[in-house]
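In case you want the letters, here they are:
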Amino acid sequence: MGFLTKKDLKLITDPLADNNPITVQVLGICSALAITAQLKAAIVMAFSVMFVLAMGNVVISLMRNIIPPKIRIIAQLVIAAALVIIVDQVLKAYSYQLSKQLSVFVGLIITNCIIMGRFEAFALANTPWKSFLDGIGNAAGYGIILVIVAFFRELLGSGSLFGIKVLGDSIKKTGIYAYGYENNGFMLLAPMALITLGIIIWIQRSKNTSLIEEN
Amino acid sequence: MSRNTESNTYTVLFAAAMVLVVGSLLAFVAESLKGKIAENKRIEKQQNILYAMGVNDNEEGSVNFIPKNEVDKDFSKYIVKQYVIDGTTAKENDKAYLIDIKKEAEKAKNPSYTRRLPLFVGEKNNKFYYIVPVRGKGLWDAIWGYVALDKDLVIQGVYFDHAGETPGLGANIKERFFMDEFTGEHILKDGVFEGVTVFKGNADPKSLDKTDCQVDAIAGATITGNGVTAMLKKDLDMYMPYLKTLKQ
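Worth saying up front: this structure is predicted, and the values here are computed from it rather than measured. (Residues numbered from 1 in each chain as written. Chains lettered and ligands numbered in written order. Predicted model: local features only at pLDDT ≥ 70, side-chain atom pairs only at ≥ 80, totals over all residues.)

1. Digging into the overall build of chain A
- Across its full length, chain A carries nine helices and zero strands.
- Element order for chain A, N to C, with α for helix and β for strand: α-α-α-α-α-α-α-α-α.
- Taking the principal axes of the C-alpha coordinates as reference, chain A spans close to 65 × 45 × 35 Å.
- By the burial criterion, 36% of the 215 residues in chain A qualify as buried.
- Sequence separation of 24 or more characterises 76% of the internal contacts of chain A that already satisfy a separation of 6 or more. (Helix = DSSP H or I, 4+ residues; strand = E, 2+ residues; numbered from the N terminus. Buried ≥ 20, exposed ≤ 12 C-beta atoms within 10 Å, placed from the backbone. Contact = placed C-beta atoms within 7 Å.)

In structure tokens form, the structure reads like this:
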């Protein structure tokens, strides 16, 4: 008996690609569009969701036999909301500028469909350890897409990565700007996030044709 | 398990217990982080005030405050005087920046209360800046800011912030392209207080005309812009009796 059985490992790796919450299940799109203009914000968001989802899954799973079925959705909401408030307060105390940047979106983790989806579909029927892994896996799957989208948006929109100007200075015309390159401001707007996401989904489905639904 | 989780009594008891546990947990977290959050807010206020008078780490296009660990040092270096204004007189008060503008405005609804109006005097390169805090309403929630004036009542810099304006629209009042337009703008028109109007279609999108008391509005953020206009008119006006004495 290893620490992670093959089945356990699958709980983490499945959501990364073939059962990705964003590109396959198409959940959690709103926040994926909103906070992917900068890599740093996307990564903090991914870790915040990971904390809420993994902890929430464990708590729900521990309580799965005592939660009254009639109010189970409310119980799930209360637990998700409590965890989100904790994340919000901790960010405000230890990373104030970042919490200002993420503004309303930390609070909106509560409305992230992935969270309620995993609580309802997985944690209510599985053991805490499995639920924990499922939470980590799904949040990582969500985070990977966020980081990929944010990478392209920040690089093409602002010419920087993690705020570091990797392409040169657009005002002083150094780096590739000297050859007439311009930042594409459109990349910073939500529509381009959706298009970037669409391209990722397209690439993924053309590589793995089993994901394409038959009509 | 033999427990009947379907029964009404159990459901009610469970809900009550859950609320109690979660409530006390959150109260505990909030209480233990309160000091740190308040300290962050105080530092942010100092950064904002210094930002308005041009003490910042700005690069092209982005808003960069001076680093957190240098704030206290720089604040005492650049802010030479802090006043509380009453009409045309100013009383020195070195904790004036801690005055909560929101609470003062609430208290001022009672006519017998004399509102304390904080004013900060900054000095940089032998030039004096008079920094006025302002606060008003945007579309969804509060907006506030700091306006740095010189003795001729020309704006030298501003900083705006908001609690919950729409990202990408009203939230852009804290972006450089909007705030930078205020620099050099006059708040007096022919010697009479006018404020600064956030104006749509004034045929001066780059705000080159500095004496028209207008800056270009943000598309899609009309109500936030009007809020900025109203905030500047109302709050700067309260300071006018004192600010007018600066010229002499």
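2. Focus on the interface of chain B and chain A
- Contact residues are listed per partner, giving 21 residues for chain B and 20 residues for chain A.
- Residue classes in the side of chain B that touches chain A are distributed as 13 nonpolar, four polar and four charged. (Nonpolar A, V, L, I, M, F, W, Y, C, P; charged D, E, K, R; others polar.)

3. Re the pairing of strand β6 (residues 155-162) of chain B
Residues and elements named next belong to chain B.
- Burial analysis of β6 places seven of its eight residues in the buried class, which makes it a mostly covered element.
- Taken together, the seven bridges between strand β5 (residues 142-149) and β6 define a ladder with antiparallel strand orientation. The partner of A148 across the bridge, within β6, is G157.
- Hairpin connection between β5 and β6: a loop of five residues separates the two successive antiparallel strands, and L153 in this loop has a positive phi of roughly 60 degrees. (Pairing = 2+ DSSP bridges.)

4. Some words on the sheet that holds strand β2 (residues 89-92) of chain B
Residues and elements named next belong to chain B.
- Here six strands make up an open sheet; going across it, the order is β2-β1-β3-β4-β5-β6 and the pairing antiparallel. Two strands close off the open sheet at either side, each with one partner strand: β2 and β6. Each adjacent strand pair in this sheet contributes to an overall mean axis angle of 30 degrees, direction not counted.
- Contacting β1 (79-86), β3 (117-124), β4 (127-137), β5 and β6, helix α1 (residues 8-52) crosses the sheet at an angle of about 145 degrees to β6.
- Its contacts with the sheet place helix α5 (residues 222-243) against β1, β2, β3, β4, β5 and β6, and it is angled at close to 130 degrees to β4. (Axes fitted to C-alpha atoms, helices over the stretch in contact; angles between N-to-C directions.)

5. With respect to unusual backbone geometry
All names here are of chain B.
- Positioned with a positive phi, N126 is a non-glycine residue whose angle comes to about 60 degrees.
- Residue placement: N126 occurs in the loop between β3 and β4.
- Owing to 5 C-beta atoms within 10 Å, N126 belongs among the exposed residues under this scheme.
- The backbone of D190 shows a phi angle near 50 degrees, a positive value even though the residue is not glycine.
- Of note, D190 is situated in the loop between β7 (188-189) and β8 (192-193).
- A count of 6 C-beta atoms within 10 Å places D190 in the exposed class.

6. Some points on the nonpolar core
- Of all hydrophobic cores here, the largest spans 48 residues; its most connected members are A52, I131, V132, V147, A148 and V158 of chain B.
- Top element by residues in this core is α5 of chain B. It accounts for six residues.
- With residues up to four places along the chain from it excluded, the contact list for A52 of chain B reads I131, Y146, V147, A148, G157, V158 and Y159 of chain B.
- Counting residues in hydrophobic clusters, the runner-up holds 46 residues, among them V84, L102, L124 and A193 of chain A. (Core = buried A, V, L, I, M, F, W, Y, C linked by C-beta atoms within 7 Å.)

7. A short note on helix α4 (residues 72-94) of chain A
- Given a rise of 1.5 Å per residue, 23 residues ought to cover 33 Å, and the 33 Å separating the end C-alpha atoms of α4 of chain A matches this to within 8%.
- Looking at α4 of chain A, one finds that the buried residues are A75, Q76, I79, A80, A82, L83, V84, V87, Q89 and L91 of chain A.
- As for α4 of chain A, its buried residues are in contact with α3 (39-62), α5 (96-102), α6 (104-107) and α7 (113-121) of chain A together with α1 of chain B. (Expected span 1.5 Å × (residues − 1).)

8. Digging into the environment of L208 of chain B
Residue and element names in this part refer to chain B.
- Inspection of the secondary structure puts L208 in the loop between β9 (197-199) and β10 (214-216).
- Of the residues examined, L208 has 9 C-beta atoms within 10 Å and is grouped as exposed.
- Taking the C-alpha atoms as reference points, L208 and E181, 27 residues apart in sequence, are found 8.7 Å from one another.

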